[in-house]
Every structure is written in structure tokens, then in C-alpha cells.
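Remarks on the overall topology
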Amino acid sequence: MGAQDAQDTAKRLRAITDELSDRFYERADAVRTLVVTLLAGQHSLVLGPPGTAKSELARELTGRVEGASYWEILLSKFTAPTRMFGPIDVAALARGEYRQVYDGRATTAHIAFIDEIFKCSTAALNETLGFLNERIYHPENGGEPIRCPLIGAITASNELPDGEDSAAIYDRLLVRIEVGYLADPSNFAALIRSAVSRPVAPARTTVELAALRRAVAEAVPAVDVPDVIVDAVCTLRAALRRKELIASDRRWRQAVGLLQASAYLDGRPAVTETDLSVLTHVLWDSPAERPAVEREVLQLVNPDAKEALDLADTIEELDAQLDAMAGQSREALSEWVIKTAHHRLAMAGKRLETLRAEAAGAGRSTAAIDRVAGRQRAVRARVLTEALGVDASTVQAQL
């Protein structure tokens, strides 16, 4: 893959990332992480409650790859392997021939979206694992294994796995992304307005399948991983092990490809500490472990992260206090805002602005600070709308 072609593909993928981040509120980190995962040739899990646009986001992203064969399915405990990988050709069976029809199924897909992945039936488990792990399918008639052209799968679930069978699939999903309902009232107001207003045709950048495949096979693996990054990964592993957060050697090794994909997406020839932030979606098993993993990763990425995360704790504390005051009088809520919430949120916002300026000036990533700043704006918007009764449609102008 020529250097110019590689740069053009990365530029197109950045444009796709920006367009989807604008379209899906509060999903910028999820969108970028899904693109990075696809570039690394890995599989992702989007974990969150129903109605959080998991399916829509996956379809919109995969639809940007021109020429790709796309396949999706909603699994249940009764989904037969033939429904996933190819039904029996009834006409051929009538002639005494046992044949499967593979067109339009997982066996011919370049990109797959598998909803409710942990509801995979026991009958389909081994074939699903083979499809995700080795990109192969063993036909029902026992013939030669079929090589599948799968680049990567995006999977989704409303819940974590609850048995050994589904846990085996969970272990093979390298990237795990949590999504929730919209937190910022102004974003929620914009979502509601979008349901009744005439939609404006959004910008729609695409990338050719051949270009994506070359990026996955050639450009991403060519990104340099300096010794300083290897040392940083070793330091991170040791820090997590001290907290009894253990990831397998396989998961650590596969994560290197994510670091390379992150650097490639940003147009850099070598991995830097900024790229380590993608590991916050890799090194935990349960959502309860994620904050500890994130703290260790982000402290390693840049020195601004620790203070930003400390400010995040303050912001979450105020959000919890607002929840606890549900049902109290407007007078009580207003007093709490005046005496406590307004000052602490304002101070947090100012400090985050300073941290961001310092990080940007030093050439460090501002992603973690931006995420905390977004949370500060969301909680402040909640305070304005729920505690003070400010109209949600006017909140954005006051932040």
C-alpha cells in the first residue's frame, strides 16, 4: 500500500469518525474505538441497555465501507448454525445432494454485526467461536473448512454473559465499550427535536473495501512501536497486577495491534503514549473494574489525567447528590445549588479548561480531559434543568 494511499484511507476514516460523532450524541469515544478495532482486525462488544443506539451506530459505521459484504443477525438461544452460516439448499436436497447456501450469510461477510451475542445457542457456539477466532466455518456435511473474509465483527448486548458458553465468546471480544442513556439534557433536547424536524442530509464519507483491507493487512502492522511504548505497557501491566486486575498474555499481545491502529488513524508513523488510552476498553472483565483500569491507563498517558479523574470524582458525587434529592422542594434544591453545586461545578470547569490548555500546549492528548469536561457540562445541565427549572432547550447557551 503506497504511503499516499494509506494517508488518504486514514483521512477518510477520520472524516467518518467525525461525522458519526456529530450524529450520535455522547458517542465520540465509542465511535473512534470501533473504527480503531476494525482497523486492527479485531472484534468489539458494545455493552449497554436497550435504546442506546447500539445497532444504529454499528449499521451506520459498517455502511460506510463501499463494496463490503455486510451481515447482521439477532441471536437467540434457538438460533441454528445453518441460519447463521448457510441454510440447506432444499432444491439440491430433493436431488439427493446435501448443500448449503452461503451467500448473504456470515460465511461471505467482510463485516458482521451480531446483536445479543451472548444469547448464542449451544448448537451454534463452536461454529461462532471458529468464525470469530480463525475466520473459518465447518460445513454441516463435514467437508473442507470454509475460509471467511471477515475483517471484524461488532457485537452488542444488553447484559454481561451469565454462563460458561457465553463467557467463551466474551473472552474473544478484545474491545468492550460501555454506552448509556444520554446524560446531558441539552443533547437529549436535541435528540427529541431531531424526531420532529425535517432531517438535513448529513455529510457521508465512505471508504472502499479494498482500501480498508490494505490498511488492515499492510499499513497498520507497519506502524512502529518504540521501546518506550513497550516499557509503558510493561509498567501498566505491573500496576494493574498490583490491583489484582489480570489480563491474559493473548489479550496484551492483541492490544498492540490496537495501539498501531490508533496511531495510523491519527496519521502517525509510530505509536505514542496518547494511543495507550484505547486500552481502557481492553483490560477489564466487569464494568466495576473499568474505573480502576482507566485511572491507571490515563495516568500513564499524561500527568494531567490524574487531576482530571479526581475532578471527575467530584462531579459524579454532585450528580449522585442530585439523585438523592429527588422529590425535595424547589427551595431546598435552589439552596443546595447556591451553597454547594454551583461553586464546585464552576471550579471544576475552570480547572479542566486550564488542564486542557496545558496538555494541548505540551502536545499531549486531551481526550481524557475532554471526556471529564463533557461530564461536567452534563451534570451542570442537569442541575440547571432539574434543580432550577431552566428550560432544557436553552441550557446549551448557558454552559
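The structure reproduced in this document is the subject of the present report. Nothing here was measured: the structure is a model prediction, and the numbers come from that model.

**Side note on the overall build of the protein chain**
- A count of helices and strands for the protein chain gives 16 helices and nine strands.
- Over its C-alpha trace the protein chain gives a radius of gyration of 23 Å, about what one expects of a compact globule, namely 21 Å for 399 residues.
- Across its three principal axes, the protein chain shows a C-alpha extent of roughly 80 × 50 × 45 Å.
- When the 399 residues of the protein chain are sorted by exposure, 46% land in the buried category.
- A sequence separation of at least 24 residues applies to 74% of the contacts in the protein chain between residues at least 6 apart.
- Looking at the protein chain as shown, the accessible area adds up to about 19,100 Å², and 52% of this sits on carbon and sulfur atoms.

**A look at the nonpolar core**
- With 90 residues, the main nonpolar core has L39, W71, F131, I169, Y264, L279 and L283 as its most contacted residues.
- Here this core takes eight residues from helix 11 (residues 249-265), the largest share from any one element.
- Other than its neighbours up to four places away in sequence, L279 contacts L236, A255, L259, V293 and V297.

**Digging into the pattern of salt bridges**
- Throughout the structure, instances matching the rule amount to 29 salt bridges.
- Note that E72 is salt-bridged to R59, the shortest N-O span being 2.8 Å. Taken together, the positions of E72 in strand 3 (residues 70-74) and R59 in helix 3 (residues 54-62) put the pair 13 residues apart, joining distant regions of the chain.
- We note a salt bridge from E116 to K119, for which the minimum N-O separation is 3.2 Å.
- A relative accessible area of 10% places E116 in the buried class.
- Three or more residues are tied together by salt bridges with common partners; here these are E19, R23, E56, E60, R64 and R204.

The rules behind the values
Residues numbered from 1 in each chain as written. Predicted model: local features only at pLDDT ≥ 70, side-chain atom pairs only at ≥ 80, totals over all residues. Heavy atoms only, no water. Helix = DSSP H or I, 4+ residues; strand = E, 2+ residues; numbered from the N terminus. Rg over C-alpha atoms; globule rule 2.2 N^0.38 Å. Buried < 20%, exposed > 50% of the residue type's maximum accessible area, 1.4 Å probe, protein only. Contact = heavy atoms within 4.5 Å. Areas by Shrake-Rupley, 256 points an atom, 1.4 Å probe, with all protein chains shown as cover. Core = buried A, V, L, I, M, F, W, Y, C linked by side-chain atoms within 4.5 Å. Salt bridge = Lys/Arg side-chain N within 4 Å of Asp/Glu carboxyl O.

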